[in-house]
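Structural characterization, general
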Amino acid sequence: MRRALEETLPIDVLATHYPDTHGQIILNIDPPPATHALLQRAAARHGQDVAAFIEQSLARALQRIDHQEAERLTHAMQALLATTTRERLLTAAARALTTPEARPC
C-alpha cells in the first residue's frame, strides 16, 4: 500500500484505525536509510531488534505524556481548589463531563 501511494501522498507512517485483538494499533514505519541505521545502532545498544526498540520507546514516551498530563491536571485542580470548595468543584466537573457540548471531539 505504501508503495502504491507514495507518489500521491507524503506518507511517513501508516497506521490502523482500530486496535487488533491485543488492543494494539499497528504502525508501519518506513524511515529513511540514515534513520534506520541510527535505530539499528540504538536497538543493538539495548540488545533489542528495531521493532522491539521502537515499541518500547513509544510505550515509554506515551507513559511520560500520561504522567505529564496527570500532573498538569493535578496542578490545575489544586489551583481551582484554592478558590472554591471541593463540593462546588466536583459539581462543576460532573456538569462539564455530562454536558454534551462540553465534551472534546
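Report on the accompanying structure. Since this is a predicted model, take the numbers as computed values, not measurements.

**Some points on the pattern of salt bridges**
- Summed over all chains, the structure comprises one salt bridge.
- Here E69 makes a salt bridge to R72, at a shortest N to O gap of 2.8 Å. Taken together, the residues span about one helical turn, with E69 and R72 both in helix α3 (residues 50-81) at a distance of three residues.
- For E69, a relative accessible area of 35% puts it in the partly exposed group.
- Under the relative-accessibility criterion, R72 is labelled partly exposed at 46%.

**Some details on the environment of L89**
- Along the polypeptide, L89 turns up in helix α4 (residues 86-98).
- Once the C-alpha coordinates of L89 and M77 are considered, the two residues, 12 residues apart in sequence, prove to be 8.4 Å apart.
- Residues contacting L89, with those up to four places away along its chain left out, are M77, L80, L81 and T84.

**Digging into a nonpolar patch on the surface**
- On the surface, a nonpolar cluster with roughly 320 Å² of combined accessible area is contributed by I25, L27, I29 and L58.
- Judged by relative accessible area, which is 42%, I25 ranks as partly exposed.

Cut-offs used in this document
- Residues numbered from 1 in each chain as written.
- Predicted model: local features only at pLDDT ≥ 70, side-chain atom pairs only at ≥ 80, totals over all residues.
- Heavy atoms only, no water.
- Salt bridge = Lys/Arg side-chain N within 4 Å of Asp/Glu carboxyl O.
- Helix = DSSP H or I, 4+ residues; strand = E, 2+ residues; numbered from the N terminus.
- Buried < 20%, exposed > 50% of the residue type's maximum accessible area, 1.4 Å probe, protein only.
- Contact = heavy atoms within 4.5 Å.
- Patch = residues over 30% accessible without salt bridge, like charges linked within 9 Å, V, L, I, M, F, W, Y side chains within 5 Å.
- Areas by Shrake-Rupley, 256 points an atom, 1.4 Å probe, with all protein chains shown as cover.

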